[in-house]
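Chain by chain, the residues:
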Amino acid sequence: MARFPTLVRCQDLGLEPDFCGKVREIFDLGSELVLVATDRISAFDVIMDQPVPGRGALLTQMTLAWYEVFGRGLCHHLVHADAASLPDPFRAHADRLEGRVMLVRKAERYDIEAVVRGYIAGSGYQDYLASGEICGHRLPEGLKRCQELPQPIFTPATKADEGHDENIDASRAKSIVGEAAFSAIEAESMRLYSEARAYALERGIIIADTKFEFGLIDGELTLIDEILTPDSSRYWEKDKYEVGREQDSLDKQILRNHLLSLDWDHRPPPPHLDEDLLQSVADGYVAIFHRLFPERAEELGLR
Ligand SMILES: Nc1ncnc2c1ncn2[C@@H]1O[C@H](COP(=O)(O)OP(=O)(O)OP(=O)(O)O)[C@@H](O)[C@H]1O
Ligand SMILES: [Mg+2]
């Protein structure tokens, strides 16, 4: 995708981030943050050495497109996503940051992951097998792997700095964020998930679950971070969905299948990947974007 030149780390531009996630890098400007989504990709919790060209930009564009779906009713952190209007020194690198950068208002973050599940998969399914519950929600007996739940449930998790997040029940989440914030976060998360899920399903994609993050900006509950990307959500192909087994991940399965075919123990260092494989993973993100946001894809000239 020539439109978004690949970027593996901001250091390559001479920019030193204040924080590096697996994919994103963050610059703290005081009351605002510059968020840059790189083209790094992880699988089995290991960051690959090579980028998936354009992936970070596609993830950022998805977040922006979801904001448009929700429209004015949504309170989010974005100031703008126009690289040419960034302050120095970022503006000088506008050609490399365009599409993958967002200037956002810095929030006082609520330290829970606001997870909503419409289907029972991953750690939720493991919890259910062990206890019949997820985060204190007692569920009907006999649910199968990846089965659709009678209705979506709010299943918060801790934000672990290291290791895996831990699923927690409502009372524990309330003790972290407070009772009033919990209710507001739960209600907004459920609303956004339900709308997004219906929107995606009409376009042949199941959003099985998703994770939001919230914070306070000027005393107002505000949606922060990326939203509803395949990095923060499970995206499944509706036409291939079958209850009772694991589902392929719409974005990462090609990579995972390839890695599974290798004699690799899922520990760093990651294996070298062929350009062809990386390109097909990249094409997958473009395809997802076209399906969800065809008009926006045309405007962006995504191929
Ligand atoms: N407006 C905001 N105010 C404050 N913090 C924010 C805001 N938007 C996003 N964040 C924080 O920025 C961080 C993004 O980094 P994160 O570690 O999630 O990177 P990542 O590349 O997504 O890595 P990972 O795959 O490990 O999640 C998150 O901790 C998120 O809470
Ligand atoms: Mg993250």
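Note on numbering: residues in each chain are counted from 1, in written sequence order. Whichever chain is written first is A, and whichever ligand is written first is 1; the rest continue in order. Two thresholds apply to this predicted model, a pLDDT of at least 70 for residue-level local features and 80 or more for giving and counting side-chain atom pairs, whereas whole-chain, interface and lining totals are computed over all residues.

Looking at this model, I keep getting lost on unusual backbone geometry. Mind explaining?
Cis geometry is found at the peptide bond from Asp 88 to Pro 89, where omega equals 5°. Within the secondary structure, Pro 89 sits in the loop between strand E6 (78-80) and helix H2 (94-97). The omega torsion across Pro 268 and Pro 269 is 0°, close enough to zero to call that bond cis. Here a helix means four or more residues in a row that DSSP labels H or I, a strand means two or more in a row labelled E, and each is numbered from the N terminus. As for its placement among the helices and strands, Pro 269 is situated in the loop between helix H6 (253-260) and helix H7 (275-292). With a phi close to 55°, Leu 228 is a non-glycine residue in the positive phi region. Relative to the assigned elements, Leu 228 resides in the loop between strand E15 (220-224) and strand E16 (233-237).

For this particular structure, what's the right way to read the site of ligand 1?
By definition, a residue lies near a molecule or strand when the C-beta atom built from its backbone is within 6 Å of it. Around ligand 1, the structure places 16 residues, and the nearest of them are Gly 21, Lys 22, Val 23, Arg 24 and Ile 224. Listing elements by their share of the shell around ligand 1, those giving two or more residues are strand E2 (24-28), strand E7 (101-105) and strand E14 (205-217). Three categories are distinguished: nonpolar for Ala, Val, Leu, Ile, Met, Phe, Trp, Tyr, Cys and Pro, charged for Asp, Glu, Lys and Arg, and polar for the others, with Gly belonging to the last. Residue composition of the shell around ligand 1, by class: six nonpolar, three polar and seven charged. Note that the domain bounds were set by an automatic or database domain assignment. Lining the shell around ligand 1 are residues from two domains, each supplying at least three of them: domain 1 (10-106 + 269-300) and domain 2 (109-240).

Sorry, what's going on with the domain arrangement of the protein here?
How big an interface is tends to be expressed through the accessible area that disappears when the partners come together. When cut into domains, the protein gives domain 1 (10-106 + 269-300) and domain 2 (109-240). Each partner contributes residues to the interface: domain 1 has 16 residues there, and domain 2 has 21 residues. Looking at the side of domain 1 that touches domain 2, the elements with two or more residues in it are helix H1 (55-70), E7 and H7. In the side of domain 1 that touches domain 2, the residues fall into eleven nonpolar, three polar and two charged. It is the C-beta atoms, placed from the backbone, that decide contacts: two residues are in contact if theirs lie within 7 Å.

Please clarify how the sheet that holds strand E3 (residues 32-37) should be interpreted in this entry.
Pairing between sheet strands relies on hydrogen bonds along the backbone, with the strands arranged either parallel or antiparallel. Strands qualify as paired when DSSP identifies two bridges or more between them. The five strands lie next to each other as E1-E2-E3-E7-E6, forming an open sheet whose pairing is antiparallel. Each edge of the open sheet is held by one strand with a lone partner, namely strand E1 (19-20) and E6. Across five bridges, E3 lies against E7 in antiparallel orientation. Its bridge partner lying in E7, Glu 32 is registered against Arg 105. Every axis corresponds to a line fitted to the C-alpha atoms, with the helix fit spanning only the stretch in contact, and the corresponding angles, defined between N-to-C directions, vary from 0 to 180 degrees. Contacting E3, E6 and E7, H1 crosses the sheet at an angle of about 125° to E3.

Is there a simple way to explain the packing of H1 against H7 in this structure?
When two helices pack together, their arrangement is given by the angle between their axes and by how far apart the axes lie. Here H1 crosses H7 at 15°, and the two axes come no closer than 10 Å. Taken together, the axes of H1 and H7 lie roughly parallel to each other. Like other packed secondary-structure pairs, H1 and H7 cross with a definite hand, here left-handed. Here H1 contributes Arg 55, Leu 58, Gln 61, Met 62 and Ala 65 to the contact with H7, which in turn contributes Ala 282, Tyr 285, Val 286, Phe 289 and Leu 292. Its residues placed into classes, the contact of H1 with H7 shows eight nonpolar, one polar and one charged. These descriptions rest on fixed angle ranges, namely under 35 degrees for roughly parallel, over 145 for roughly antiparallel, 65 to 115 for roughly perpendicular, and the rest for oblique. Each crossing gets its handedness from the near helix: less than a right angle anticlockwise from the far helix is left-handed, clockwise is right-handed.

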